[in-house]
Amino acid sequence: MSGQKVVIFDTTLRDGEQSPGASLSISEKLEIAQQLAALGVDIIEAGFPVSSPAQFEATRLIAEQVPGPTIAGLARASTGDIDSAGKALAPAAKKRIHTFIATSPVHMQYKLKKKPDQVLEMAVKAVKHAVSLVIEAGATTLNIPDTVGYIMPYEYGQIIAKLKSDVPGIENCIISTHCHNDLGMAVANSLAGVRNGARQIECAVNGLGERAGNAALEEVVMGIHTRPDFFSSYSESGVELNINTKELFRTSQLVSQLTGFLIQPNKAIVGANAFAHEAGIHVDGILKERSTYEIMTPETIGLSGSRMVLGRHTGRHGFADRCKQLGFKLDEQETEHAYERFLEIADKKKEVFDEDIAAIINEEIHVVEHTYDLQYLHVASGTGTLPTASVKIVFEDKVHQAAACGDGPVDAAYEAIREATGLSPKLENYSIRAVTGGKEALGEATVRIADDGKKFVGRGISTDIIEASAKAYVDAINRMVAARNTKSETDVKATL
Ligand code: MN
């Protein structure tokens, strides 16, 4: 069977990066783009080149260094924007300019208090008009965005169906969806679009995006992958995707790590509990026949079924082998660093799980040049004592010491770090999670700091959560200092 292809257009790096607080460095964007290529997305929207020099450079680097997918750049419908996008995309083998205009009549008509069917009719009329014009002008993919996340699946499906049936020349174009999640409908709307003939979905990993975000890539993909029957009943030959679903989990983890946006445990597909069947009747059913309650297997999204455990006696070779099996491509030096860190952790924690290895590698690889190194940390806290911390931080070839008290041990440690470095970025967000279950679990701290309107995410792992927290803060400070040396302006945001 060869079905109609549904094109996956990933906008994690453009719309997703517009999420408040998610700011990625150019090298982090490049790393995500490489993972998106491994996942098999058809199109990567790399940025909005005209909006800032950093956006231009990120788009150009991805165009130059990520083979496979088509690389797209966003541009408003003006020659300046389009020229800039064209220049940034020049090195790509396959490139696309994504341009947009507001079909403002739709906006205005929604504000008039009409009955839903009247509104739908007016919306269809306005979109049809705009669509006929752009088809005449030679557009090949037509995106029908619901930028404000207002529409319901039935309505959205109707709009796509009417465009398919009524607009001359539409049979030569691909209709694309771009749905926002303000009412939690982004995935449902996108799939209603596909059911009615749309053949491209714009989406973002983990549903990132402005406000409540975009349609989640992993959900639209698994929706189509799990229910091909539903889409087949509309188009005789069914629909097909290019995606290697086994890369979904890794992609989701990487994006979460780099943006500092944690994934809620009950998140569909990639949440920690997404495959945890606990209710007795379910467990009984699964033991008898897996497909009774498990509509997808964890292996499909790349969660390994086996729970291979490594320990302090694991050799360099065995460790490198496991990393490879988990899909990490490390060079010799990176493997060596990761192995040293692994041994430190295996010393404190008898069993090292796959998730721990992923956390170690993410910590070791995503390093910026260390201006500040945390050399020593001592914290005293307890009932009836004032939490105090002392630190030694090395920079400019000297050891700088400081001590401070705080509301709690982490607060005291952060105050001491601020004193020692002489820097006091605003702490916007702090979170800690256990990488695996059990009392010996590795703690991973994630912090977001703000400096002059720019945000930086830092991470640290340790079996000691106070140490993990201190490392995360110093990591964020190192990223902030590294970025100060590369001048960049605040990006203009697109309203799409
Ligand atoms: Mn958008």
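You'll find the structure just up there.
**Student:** Can you explain the overall build of the protein? Please cite residues and give values.
**Tutor:** Looking only at helices and strands, one finds 16 helices and 15 strands in the protein. Scored against the burial criterion, the 496 residues of the protein give a buried share of 40%. In the protein, once contacts between residues fewer than 6 apart in sequence are set aside, the share between residues at least 24 apart is 64%.

**Student:** An account of the packing of helix α12 (residues 316-325) against helix α13 (residues 332-348) is needed here, citing residue identities and associated values.
**Tutor:** Between two packed helices, both the angle of their axes relative to each other and the distance between the axes serve to describe the pair. Where α12 meets α13, the closest approach of the two axes is 10 Å, and the angle between their N-to-C directions is 110 degrees. On the basis of the axis angle, α12 is roughly perpendicular to α13. On the side of α12, the interface is formed by R316, F319, A320 and C323, while α13 contributes T335, A338, Y339 and F342. Of the residues contributing to the contact of α12 with α13, the split by class is six nonpolar, one polar and one charged.

**Student:** Tell me about the pairing of strand β2 (residues 7-10), and please be specific about residues and values.
**Tutor:** Across four bridges, the pairing between β2 and strand β8 (residues 200-203) is parallel. Looking across to β8, one finds that D10 is bridged to C203. Pairing geometry for β2 and strand β3 (residues 43-47), over two bridges, is parallel. Along β3, the bridge assignment pairs D10 with I44. Read as a crossover between parallel neighbours, the route from β2 over helix α1 (residues 26-39) to β3 is right-handed.

**Student:** Which residues make up the sheet that holds strand β12 (residues 398-405), and what are the values?
**Tutor:** If you walk across this open sheet you meet the three strands as β10-β11-β12, and the pairing is antiparallel. Edge strands, defined here as strands with exactly one partner in the open sheet, are β10 (373-380) and β12. Averaged over neighbouring strand pairs, the angle between their axes works out to 15 degrees when direction is ignored. Taken together, the seven bridges between β10 and strand β11 (residues 388-395) define a ladder with antiparallel strand orientation. By the bridge assignment for β11, Y376 is matched with K392. Docked against the sheet, helix α15 (residues 409-421) engages β10, β11 and β12, running at close to 35 degrees with respect to β11.

**Student:** So what about the environment of L442? Which residues, and what values?
**Tutor:** Along the polypeptide, L442 turns up in the loop between β13 (426-434) and β14 (443-451). As for L442 and A359, which are separated by 83 residues in sequence, their C-alpha atoms are 8.8 Å apart.

**Student:** I'd love a proper account of the sheet that holds strand β6 (residues 141-146), names of residues and values included.
**Tutor:** What the seven strands build is an open sheet, ordered β5-β4-β3-β2-β8-β7-β6; its pairing is parallel. Of all the strands in the sheet, the pair left with one neighbour each is β5 (95-100) and β6. Within this sheet the neighbouring strands show an average axis-to-axis angle of 25 degrees, counted without direction. Bridge count between strand β4 (residues 70-76) and β5: six bridges; the pairing is parallel.

**Student:** Tell me about the packing of α1 against helix α10 (residues 248-259), and please be specific about residues and values.
**Tutor:** Orientation of α1 relative to α10, taken along the N-to-C sense of each, is 170 degrees, at an axis distance of 10 Å. With respect to α10, the element α1 is oriented roughly antiparallel. For the pair α1 and α10, contact is made by E28, I32, Q35, L36 and L39 and by L248, R250, T251, L254, V255 and L258, respectively. Of the residues contributing to the contact of α1 with α10, the split by class is seven nonpolar, two polar and two charged.

**Student:** Describe the environment of A472, and please don't skip the residues or the numbers.
**Tutor:** Mapped onto the elements, A472 comes out in helix α16 (residues 465-485). Taking the number of C-beta atoms within 10 Å as the measure of exposure, A472 has 30 and is therefore buried. Sequence separation between A472 and G458 is 14 residues; the distance between their C-alpha atoms is 4.8 Å. Among all residues touching A472, those that are not within four sequence positions of it are A445, T446, V447, G458, R459 and G460.

**Student:** Give me the lowdown on the nonpolar core, citing residues and values where you can.
**Tutor:** Ranked by size, the top nonpolar core spans 72 residues in total, and within it I8, I44, A46, I71, V220 and V221 carry the most contacts. Considering every element that reaches this core, the biggest residue donor is helix α7 (residues 186-195), with six residues. Setting aside residues no more than four positions away along its own chain, I44 makes contact with D10, L13, A33, L36, I62, V66, P69, I71 and A72. Listed in part, the 44 residues of the second largest apolar core include F342, L442, I449 and V457.

**Student:** Describe the pairing of strand β15 (residues 454-462), listing the residues and the values that go with them.
**Tutor:** With eight of its nine residues buried, β15 lies for the most part within the structure. Across nine bridges, the pairing between β14 and β15 is antiparallel. Its bridge partner being in β15, R448 is matched across the sheet by V457. Hairpin connection from β14 to β15: two residues lie between these consecutive antiparallel strands, with D452 at a positive phi of about 55 degrees.

Parameters at a glance
Residues numbered from 1 in each chain as written. Predicted model: local features only at pLDDT ≥ 70, side-chain atom pairs only at ≥ 80, totals over all residues. Helix = DSSP H or I, 4+ residues; strand = E, 2+ residues; numbered from the N terminus. Buried ≥ 20, exposed ≤ 12 C-beta atoms within 10 Å, placed from the backbone. Contact = placed C-beta atoms within 7 Å. Axes fitted to C-alpha atoms, helices over the stretch in contact; angles between N-to-C directions. Parallel < 35°, antiparallel > 145°, perpendicular 65-115°, else oblique. Nonpolar A, V, L, I, M, F, W, Y, C, P; charged D, E, K, R; others polar. Pairing = 2+ DSSP bridges. Right-handed = clockwise from strand over helix to strand, strands pointing away. Core = buried A, V, L, I, M, F, W, Y, C linked by C-beta atoms within 7 Å.

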